[in-house]
Amino acid sequence: MKDLRFPMTALAAHRSAAARVLAFALSLLALFGVTMTTSVSPAKAYAHDSRERTMVGLTNAARSQHHRQPLAMRSDLQTIAQRWATRMAASGTLAHNPQLGRQVRHYKVAGENVGYGPGIRQVHTALMHSPGHRANILNKGYTQVGMAVVHEDNRVWVVQVFRKPA
């Protein structure tokens, strides 16, 4: 079963655009033969573990390929991302954090990507194939990021919180 979804990024996207992006991403995943993993484990948050490092590495590798500076991990953004990823995984509901603008401090610009799928690389691939998510990842203005990865019921939930400091 193919299982990867995510809404558009940046708090201002239209639902119809999100639906088109989702359909496109799902068709790409079907083309790549994405399937669910078979490992089962209890909900776990991986604070600065190998899964988060993998996601940061994939994100910064994409930035490097497009001549962007790497994003610096920030613990305050990671805390926001971790709380939101844990909440989404626990509820089984994918959504943007409605409090993001209040929770992120000292910013000129902030953004968020959320997604889930069978694995980190599949989520990253889908984000890079979505114009809005890709724009967040490659945004020259962003210099800082918080990443969270939570594993729940054969799904990896990912939250990326971006910031350009004030």
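Residues numbered from 1 in each chain as written. Predicted model: local features only at pLDDT ≥ 70, side-chain atom pairs only at ≥ 80, totals over all residues. Heavy atoms only, no water.

1. Side note on the packing of aromatic side chains
Moving on, step 1. With the rule as written, the count across this model stands at two aromatic pairs.
Moving on, step 2. Relative to W157, the ring of Y116 has its centre 4.4 Å away and its plane inclined at 40°; by these criteria the two rings are tilted. Taken as a pair, Y116 in strand β3 (residues 107-117) and W157 in strand β5 (residues 155-165) lie far apart in primary sequence, 41 residues in all.
Moving on, step 3. Using a relative accessible area of 1% as the deciding quantity, one classes W157 as buried.
Moving on, step 4. Taking 5.2 Å as the distance between ring centres and 20° as the angle between the ring planes, the aromatic pair formed by Y142 and F162 counts as stacked. On the criterion of sequence distance, the pair formed by Y142 in the loop between α6 (131-138) and β4 (144-152) and F162 in strand β5 is long-range, its members being 20 residues apart. Exposure class is identical for Y142 and F162. Each is buried. (Phe/Tyr/Trp six-rings, centres within 6.5 Å; stacked < 30°, edge-to-face > 60°. Helix = DSSP H or I, 4+ residues; strand = E, 2+ residues; numbered from the N terminus. Buried < 20%, exposed > 50% of the residue type's maximum accessible area, 1.4 Å probe, protein only.)

2. Here we look at helix α3 (residues 75-91)
Moving on, step 1. For α3, built from 17 residues, the straight-helix expectation of 24 Å at 1.5 Å per residue is met to within 8% by its first-to-last C-alpha distance of 24 Å.
Moving on, step 2. Taken together, the buried positions of α3 are L77, Q78, I80, A81, Q82, W84, A85, M88 and A89.
Moving on, step 3. Positive backbone phi, at 70°, marks G92, one or two positions downstream of α3. (Expected span 1.5 Å × (residues − 1).)

3. Observations regarding the pattern of salt bridges
Moving on, step 1. In total, this model carries one salt bridge according to the counting rule given.
Moving on, step 2. A salt bridge links R163 to D76, with the nearest nitrogen and oxygen atoms 2.7 Å apart. Here R163, found in strand β5, pairs with D76, found in helix α3; they are 87 residues apart in sequence, far enough to count as distant.
Moving on, step 3. What makes R163 buried here is its relative accessible area of 4%. (Salt bridge = Lys/Arg side-chain N within 4 Å of Asp/Glu carboxyl O.)

4. Digging into the packing of helix α2 (residues 50-65) against helix α5 (residues 120-128)
Moving on, step 1. For the pair α2 and α5, interaxial distance at closest approach is 10 Å and the crossing angle is 30°. With respect to their mutual orientation, α2 and α5 come out roughly parallel. Relative to α5, the crossing made by α2 is right-handed. Mapping the contact onto sequence places R51, T54, M55, L58, T59 and A62 in α2 and I120, R121, H124, L127 and M128 in α5.
Moving on, step 2. Here the residues of the contact of α2 with α5 are counted per class, giving six nonpolar, three polar and two charged. (Axes fitted to C-alpha atoms, helices over the stretch in contact; angles between N-to-C directions. Parallel < 35°, antiparallel > 145°, perpendicular 65-115°, else oblique. Left-handed = near helix turned anticlockwise from the far one by under 90°. Contact = heavy atoms within 4.5 Å. Nonpolar A, V, L, I, M, F, W, Y, C, P; charged D, E, K, R; others polar.)

5. Points about the pairing of β4
Moving on, step 1. For β4, the tally of buried residues reaches nine of nine residues, placing the bulk of the element in the interior.
Moving on, step 2. Neither face of β4 is open: one carries Q144, G146, A148, V150 and E152, the other V145, M147, V149 and H151, and all of them are buried.
Moving on, step 3. Bridging between strand β2 (residues 72-73) and β4 involves two bridges; their strand directions are parallel. Bridged to M73 within β4 is V145.
Moving on, step 4. Of the strand pairs in this sheet, β4 and β5 are connected by nine bridges, and their pairing is antiparallel. Following the sheet pairing, Q144 is matched in β5 by R163.
Moving on, step 5. Joining the antiparallel neighbours β4 and β5 is a turn of two residues, in which D153 adopts a positive phi near 50°. (Pairing = 2+ DSSP bridges.)

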